[in-house]
Amino acid sequence: MSEAQAQSGNEFEREPVPQKALLGFKSFVGMYAGEHCAGTELMIGPLFIAAGVSAFDLVGGLLLGNLLAVLSWIFLCAPIATRARLTLYYQLEKICGRNLVTVYNLANGVMFCFLAGAMITVSATAVGVWVDFPMPELNDLYPNSVGWVVAVLGVGAVIAIVAACGYQMVARVANVAAPWMVLVFLVFGIVSLAQFLKITGQEITSPGDLWQLAKDEIWKGGEPFPGRAKFTFWHVTFFAWFCNMAMHVGMSDLSVFRFARKSWYAVASAAGMYVGHFMAWISASMLYAYQLREMDLTSEKIRALIEAGQMTGPPPVLPGPLAYQAAGTAGLLCVIIAGWTTANPTIYRAGLAFQAIMPKRSRFVVTLVTGLIATIAGMFPAIAMRLLDFVAIYGMLLMPMGAVIFVDFWLIRKLGLKSNYAESSRQKFNWAAGITWLATLVFCVLLIHQDRPVLGVRWDLFLVSLPGWFVAAVLYVVLSAIYQRRIYQTVSFRTVAQLLSWAAIAGVVVPSIPYLAGRVALDDVKHLMWISTAVWFIATPLWMGLKKSDY
């Protein structure tokens, strides 16, 4: 969350930002550089090593993916923000209606809690360096010691109380700490490089020597760790692009750039992408790569040792010990502050989302409860240890609404339809937007679970949001035409929807019969059942239980 957004907690929430409140370019450079050089970078960087990424795939993928992220802010998010100058929530309320936005706020708030929980997990690993207790390993899903639970509770309680008291002090500390944190991350990389040179006995006399060291000793590629997905160039590219999808493609940063004087100020996001999501990720991955090199462990050795029962899993990714090994107490302080300064605004943002659902409740109490939820989430290391997967799911969940906002702002009126339809029609639930959101998520899940390539590509979790955005955009146009022009009230439309529903019901049951006869494979049955299920849940709400008075 940006300082600008937080400071506007009770200002301009339901009106455009006035000219006198607009901010200059430097405000956004500092905000993005600080927000995206966070404690979670110390979790994400090592996970690239666990995914078996090569040097070229990592460096090239991060360069391209971060560029695409910056361009998404520049061309998708900021132009709408600087024209409408509304918060994301109010913009969505105009389009989708109060009830649908409540569902969105709930989903957004829960995901923010999980993200803050991962940051609390990161900070708690630093406590474990000073206080001797077992800490989670890479494949752990649940808390593994009382000491870990107590450490997370302590860190989470402090973070929640500060967030509940207000954002001003948090923003102040974050602004002071940001330049220092960036330099500490740089030191992590420099120290790791020196350690690699020492342990390998190599010397760097040219860029070619540095690149050779990177390929042979740091990011060697090969098989991923057991239980991890293999990352290629395109996986890294799409992850770097989409890890903040909720902010740019998902349009959350409308609430940030509504304060910008010019839309091109979105280029300031490059400060966060190339400082936090390039330099910091690379530095953090080098810390973990050196730990593995020092232990003489490769993916193949880890797999063999696990199969032989000599290891329970890969070496843990623990930011606290990794930072302490490279930078001592200053490194530990960096982990604690980085996690603290990013978890606080995340909890604050989640609290605002929940308060929008319960406007009569005190923000202080709502934020405290939100902090408690985030703290409980932080006790479960699965979120932090699977952070790559989590941020991909987060982006995919909110991506359809970003497409809805884009289409509604730029295209819908050119097609002869009304923008901000919920506001103009006084509807509390825009079914066109709601069905678009649900159907797009169903489409993405179906695509992920395909056992065979679609259009020559295996669309896993890290790639699927790209086609998902276009599906959402097309669906919203088509469904808006049906909804606004009342086509759904015609007998022919309802008949088609009913036929699709009954065909879907048949598609759930019938494929199992030829499988019983041994004529089709089980994978084909599962595939048809998934498609039929999706059709059922898309077509049936268009007619079942609805009367004219419901429209």
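Residues numbered from 1 in each chain as written. Predicted model: local features only at pLDDT ≥ 70, side-chain atom pairs only at ≥ 80, totals over all residues. Heavy atoms only, no water.

Enquirer: Looking at this model, I keep getting lost on the overall build of the protein. Mind explaining?
Expert: Helices and strands together make up the secondary structure of the protein, namely 23 helices and 0 strands. The C-alpha atoms of the protein give a radius of gyration of 25 Å, which matches the 24 Å a tight globule of 551 residues would have. Referenced to the eigenvectors of the C-alpha coordinate spread, the extents of the protein come out at roughly 80 × 70 × 50 Å. Long-range contacts, defined as pairs at least 24 residues apart, comprise 85% of the intrachain contacts of the protein with a sequence gap of at least 6. With the model as given, the accessible surface of the protein reaches about 23200 Å², and the carbon-plus-sulfur share is 66%. (Helix = DSSP H or I, 4+ residues; strand = E, 2+ residues; numbered from the N terminus. Rg over C-alpha atoms; globule rule 2.2 N^0.38 Å. Contact = heavy atoms within 4.5 Å. Areas by Shrake-Rupley, 256 points an atom, 1.4 Å probe, with all protein chains shown as cover.)

Enquirer: Even after reading the chapter, I still don't get the packing of aromatic side chains, so can you show me in this structure?
Expert: Counted by the stated rule, this structure contains 36 aromatic pairs. Relative to Trp-264, the ring of Phe-25 lies with its centre 5.2 Å away and its plane at 35 degrees, an arrangement referred to as tilted. With a gap of 239 residues between them, Phe-25 in helix α2 (residues 25-35) and Trp-264 in the loop between α11 (254-257) and α12 (269-294) connect regions that are remote in the sequence. Judged by its relative accessible area of 28%, Phe-25 falls in the partly exposed class. An angle of 65 degrees between the planes, with centres 5.4 Å apart, marks the rings of Phe-406 and Trp-469 as edge-to-face. In this pair, Phe-406 sits in helix α17 (residues 387-410) while Trp-469 sits in helix α20 (residues 465-484), placing the two residues 63 residues apart along the sequence. (Phe/Tyr/Trp six-rings, centres within 6.5 Å; stacked < 30°, edge-to-face > 60°. Buried < 20%, exposed > 50% of the residue type's maximum accessible area, 1.4 Å probe, protein only.)

Enquirer: Teacher, can you tell me more about a nonpolar patch on the surface here?
Expert: On the surface, Ile-161, Phe-364, Val-365, Leu-368, Val-369 and Ile-373 cluster together to form a nonpolar patch covering roughly 480 Å² of accessible area. Residue position: Val-365 is located in helix α15 (residues 363-379). Overall, Val-365 belongs to the partly exposed group, its relative accessible area being 47%. (Patch = residues over 30% accessible without salt bridge, like charges linked within 9 Å, V, L, I, M, F, W, Y side chains within 5 Å. Salt bridge = Lys/Arg side-chain N within 4 Å of Asp/Glu carboxyl O.)

Enquirer: So what exactly am I meant to see when it comes to the packing of helix α6 (residues 98-130) against helix α7 (residues 146-165) here?
Expert: Packed helix pairs are specified by the crossing angle of their axes together with the interaxial distance, meaning the distance between the axes. Between α6 and α7, the least distance of the axes is 9 Å, while the angle of their chain directions is 120 degrees. Between α6 and α7, the angle is such that the two are oblique. Handedness of the crossing formed by α6 with α7: right-handed. Note on element contacts: α7 touches α6 through Trp-148, Ala-151, Val-152, Val-155, Gly-156 and Ile-159, opposite Ile-120, Thr-121, Ser-123, Ala-124, Thr-125 and Val-127. A per-class count over the contact of α6 with α7 returns 8 nonpolar, 4 polar and no charged. (Axes fitted to C-alpha atoms, helices over the stretch in contact; angles between N-to-C directions. Parallel < 35°, antiparallel > 145°, perpendicular 65-115°, else oblique. Left-handed = near helix turned anticlockwise from the far one by under 90°. Nonpolar A, V, L, I, M, F, W, Y, C, P; charged D, E, K, R; others polar.)

Enquirer: When you look at the pattern of salt bridges in this model, what are you seeing that I'm missing?
Expert: Oppositely charged side chains can form a pair if their charged atoms are brought close together. One pass over the full model with this rule turns up 5 salt bridges. Across the pair Lys-94 and Glu-423 runs a salt bridge whose closest N-O atoms are separated by 2.6 Å. On the criterion of sequence distance, the pair formed by Lys-94 in helix α5 (residues 88-96) and Glu-423 in helix α18 (residues 421-425) is long-range, its members being 329 residues apart. Assessed through its relative accessible area of 14%, Lys-94 is described here as buried. A salt bridge links Arg-386 to Asp-389, with the nearest nitrogen and oxygen atoms 3.7 Å apart. You can call Arg-386 partly exposed: its relative accessible area is 30%.

Enquirer: Mind showing me how you'd approach the side chain of Ser-283 here?
Expert: Relative to the assigned elements, Ser-283 resides in helix α12. Accessibility expressed as a relative area gives 4% for Ser-283, which makes it buried. Separated by 3.1 Å, the side chain of Ser-283 and the backbone oxygen of Phe-185 make a polar contact. Beyond its immediate chain neighbours, meaning those up to four positions away, Ser-283 contacts Phe-185, Leu-186, Phe-188, Gly-189 and Ser-192. (Polar contact = N/O pair within 3.5 Å; in protein donor to acceptor, adjacent residues only side chain to side chain.)

Enquirer: Could you clarify how one ought to interpret the nonpolar core in this entry?
Expert: General note: in soluble globular proteins, nonpolar side chains tend to be found buried as a group. One finds Phe-48, Trp-219, Phe-239 and Phe-257 to be the most contacted residues of the largest nonpolar core, which totals 176 residues. Looking at which element gives the most residues to this core, the answer is α17, with 16 residues. In contact with Phe-239, other than residues within four places in its own chain, are Ile-44, Phe-48, Phe-231, Trp-281, Leu-388, Val-391 and Phe-462. (Core = buried A, V, L, I, M, F, W, Y, C linked by side-chain atoms within 4.5 Å.)

Enquirer: Just checking my understanding: could you explain the environment of Lys-418 for this structure?
Expert: Inspection of the secondary structure puts Lys-418 in the loop between α17 and α18. Once the C-alpha coordinates of Lys-418 and Asp-408 are considered, the two residues, 10 residues apart in sequence, prove to be 8.2 Å apart. Beyond its immediate sequence surroundings of up to four residues, Lys-418 is in contact with Asp-408, Ile-412, Ser-424 and Gln-484.

Enquirer: Help me understand unusual backbone geometry, please; the structure alone is not making it clear to me.
Expert: Excluding glycine, residues mostly have negative phi values, and the peptide bonds linking residues are mostly trans. A positive phi is found at Arg-85, a non-glycine position, where the angle reads about 55 degrees. Here Arg-85 lies in the loop between α4 (55-84) and α5. The class of Arg-85 is buried, set by a relative accessible area of 11%. Even without being a glycine, Asp-296 presents a positive backbone phi close to 55 degrees. Positionally, Asp-296 belongs in the loop between α12 and α13 (299-307).

Enquirer: Help me out: how do you make sense of the state of the cysteines in this one?
Expert: Disulfide: a covalent bond formed between the sulfur atoms of two cysteine residues. For the coordinates displayed, the defined rule picks out 0 disulfides. Not part of a disulfide, Cys-96 finds its nearest cysteine sulfur in Cys-77, a span of 16 Å. There is no disulfide at Cys-243, and the cysteine sulfur nearest it, in Cys-37, is 13 Å away. By relative accessible area, Cys-243 is classed as buried at 11%. (Disulfide = S-S within 2.5 Å.)

Enquirer: Is there a simple way to think about the packing of α6 against helix α19 (residues 431-448) in this case?
Expert: Interhelical geometry of α6 versus α19 gives an angle of 30 degrees and a closest axis separation of 10 Å. Classified by the interaxial angle, the pair formed by α6 and α19 is roughly parallel. Every residue of α19 that contacts α6 at Leu-100, Val-103, Tyr-104 and Ala-107 is listed here: Ala-433, Gly-434 and Trp-437. Residue composition of the contact of α6 with α19, by class: 6 nonpolar, 1 polar and no charged.

Enquirer: Honestly, α15 in this entry has me stumped. Any pointers?
Expert: Residues lying three or four places apart along an α-helix face the same way, a consequence of the helix completing one turn every 3.6 residues. Taking 1.5 Å of rise per residue, the 17 residues of α15 would be expected to cover 24 Å, and the 24 Å separating its terminal C-alpha atoms lies within 8% of that figure. Among all positions of α15, only Val-366, Thr-367, Thr-370, Gly-371, Ala-374, Thr-375, Ala-377, Gly-378 and Met-379 are buried. (Expected span 1.5 Å × (residues − 1).)

Enquirer: Any chance you could explain the confidence of the model for the protein here in plain terms?
Expert: If pLDDT is low for a region, its predicted coordinates should not be looked at in detail. Averaged over all residues, the pLDDT of the protein is 87; the fraction at 70 or higher stands at 95%. Here residues 1-10 scores under 50 on pLDDT; set against residues more than four positions off or in separate chains, the count is 29 contacts. (pLDDT = per-residue confidence, 0-100.)

Enquirer: Help me understand the environment of Val-187, please; the structure alone is not making it clear to me.
Expert: Inspection of the secondary structure puts Val-187 in helix α8 (residues 168-200). Residues Val-187 and Asn-430, spaced 243 residues apart in sequence, show a C-alpha to C-alpha distance of 51 Å.

Enquirer: Sorry, what's going on with the side chain of Arg-85 here?
Expert: Summary of buried charges: Arg-85 has no salt-bridge partner, and the nearest side chain of opposite charge, Glu-15, is 12 Å away. Residues within four places of Arg-85 in sequence aside, it is in contact with Glu-15, Pro-16, Val-17, Leu-22, Ile-80, Phe-257, Arg-258, Phe-259, Ala-260 and Arg-261. (Lys, Arg positive; Asp, Glu negative; His and termini not counted.)

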